[in-house]
Amino acid sequence: PTARMLGRLSPNPIRHVDPMGSAMFAISWIASGGTFLFGWAKPVPVQPRFFSHPQRGFAIVAIAGPLTNIAIAYVIALIGVHVPLPGDFAARVVTTAFLLNIWLAIFNMIPIPPLDGSRVVAALMPREMAEAWSRLDQYGMLILMGMIFFFRPLLDVVSGLTDPIATFLLRLAGA
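Residues numbered from 1 in each chain as written. Predicted model: local features only at pLDDT ≥ 70, side-chain atom pairs only at ≥ 80, totals over all residues. Heavy atoms only, no water.

Student: Just checking my understanding: could you explain the packing of helix H3 (residues 54-82) against helix H4 (residues 88-108) for this structure?
Tutor: Each pair of packed helices gets described by two things: the angle between the helix axes and the distance between those axes. Close contact between H3 and H4 brings their axes to 8 Å; oriented N to C, the two are set at 160°. It follows from the interaxial angle that H3 and H4 lie roughly antiparallel. Judged by the twist between their axes, the crossing of H3 over H4 is left-handed. Every residue of H4 that contacts H3 at Pro66, Asn69, Ile70, Ile72, Ala73, Ile76, Ala77 and Gly80 is listed here: Val94, Ala97, Phe98, Asn101, Ile102, Leu104, Ala105 and Asn108. Per-class residue counts for the contact of H3 with H4 are 12 nonpolar, 4 polar and no charged. (Axes fitted to C-alpha atoms, helices over the stretch in contact; angles between N-to-C directions. Helix = DSSP H or I, 4+ residues; strand = E, 2+ residues; numbered from the N terminus. Parallel < 35°, antiparallel > 145°, perpendicular 65-115°, else oblique. Left-handed = near helix turned anticlockwise from the far one by under 90°. Contact = heavy atoms within 4.5 Å. Nonpolar A, V, L, I, M, F, W, Y, C, P; charged D, E, K, R; others polar.)

What follows is the structure in structure tokens.
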């Protein structure tokens, strides 16, 4: 119930905006000349006391985000395939939103704290190991930034997985 208690069960995007994450999104886009995006939304804290099995509960919550990105991409694919779009700009917006949601789903499943993939990995660990793993969250953003800037193959893997998933979703949508 944490999201509900914080008023975050809302389709209103303003409720989910993190000012620093939005600023990073804009800064990364401008600094890279539109070739690199990095930012984040306001996270919803997850309270383990609400789960009968905390590790499994965290994994279910973690997988929900990327699955939602895939579901959004599928809906966008349906729109792109079945709705006539008025002009090139609209087609570019739909294409970008489609690919971005797929990319975010894959990226968020990387098993580096604080990404969702780390929560799924933690669910597969013994409890003591999972607790030690979760303590990496405090360093996660530094680890993640280091991986992004100094280990380019990580982003290449994410990008390489985007095309087959996009192809699958487009076929599923009837393209």
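Student: I would appreciate a short explanation of the environment of Ala123 in the present structure.
Tutor: By the secondary structure assignment, Ala123 is in helix H5 (residues 116-123). The partly exposed category is assigned to Ala123, whose relative accessible area is 26%. Measuring from C-alpha to C-alpha, the distance between Ala123 and Gly33 comes to 39 Å, with 90 residues separating the pair along the chain. Residues contacting Ala123, with those up to four places away along its chain left out, are Gln55 and Ala59. (Buried < 20%, exposed > 50% of the residue type's maximum accessible area, 1.4 Å probe, protein only.)

Student: I keep staring at a nonpolar patch on the surface and nothing clicks. Help me out?
Tutor: Taken together, Val75, Ile79, Val83 and Leu85 make up a surface patch of nonpolar side chains, about 280 Å² in accessible area. Inspection of the secondary structure assignment puts Leu85 in the loop between H3 and H4. (Patch = residues over 30% accessible without salt bridge, like charges linked within 9 Å, V, L, I, M, F, W, Y side chains within 5 Å. Areas by Shrake-Rupley, 256 points an atom, 1.4 Å probe, with all protein chains shown as cover. Salt bridge = Lys/Arg side-chain N within 4 Å of Asp/Glu carboxyl O.)

Student: Where do I start with the packing of aromatic side chains in this structure?
Tutor: Enumeration according to the criterion identifies 2 aromatic pairs in this entry. Between the aromatic rings of Trp103 and Phe107, the centroid separation amounts to 5.0 Å while the plane-to-plane angle is 10°, which identifies the pairing as stacked. Of this pair, Trp103 and Phe107 both sit in helix H4, 4 residues apart, which is roughly one turn of that helix. (Phe/Tyr/Trp six-rings, centres within 6.5 Å; stacked < 30°, edge-to-face > 60°.)

Student: How should I be thinking about H3 in this particular structure?
Tutor: Quick reminder: α-helices carry 3.6 residues per turn. Residues three or four places apart thus point the same way. Between the first and last C-alpha of H3 there are 42 Å, a value that for 29 residues agrees with the 42 Å anticipated at 1.5 Å per step. Considered for burial, the residues of H3 that qualify are Gly57, Ala59, Ala62, Pro66, Asn69, Ala73, Ile76 and Ala77. (Expected span 1.5 Å × (residues − 1).)

Student: Is there a simple way to explain the packing of H3 against H5 in this structure?
Tutor: Where H3 contacts H5, the two axes come as close as 8 Å, and the packing angle between them is 150°. Relative to H5, the element H3 lies roughly antiparallel. Note on packing geometry: the crossing formed by H3 with H5 is left-handed. Between H3 and H5, the residues in contact are Gln55, Phe58, Ala59, Ala62, Ile63, Gly65 and Pro66 and Asp116, Arg119, Val120, Ala122 and Ala123, respectively. Looking at the contact of H3 with H5, its residues break down into 8 nonpolar, 2 polar and 2 charged.

Student: What should I look at first to understand the pattern of salt bridges in this one?
Tutor: Inspection of the entire model under this criterion finds 3 salt bridges. Glu128 is the partner of Arg127 in a salt bridge, and the nearest nitrogen-oxygen pair spans 3.6 Å. On the basis of relative accessible area, Glu128 is assigned to the exposed category, the value being 52%. A salt bridge links Arg127 to Glu131, with the shortest nitrogen-to-oxygen separation between them at 2.9 Å. Taken together, the residues span about one helical turn, with Arg127 and Glu131 both in helix H6 (residues 127-134) at a distance of 4 residues. Residue class for Glu131 comes out partly exposed when judged on its relative accessible area of 37%. Three or more residues are tied together by salt bridges with common partners; here these are Arg127, Glu128 and Glu131.

The analysis is restricted to geometry; functional conclusions fall outside its scope.
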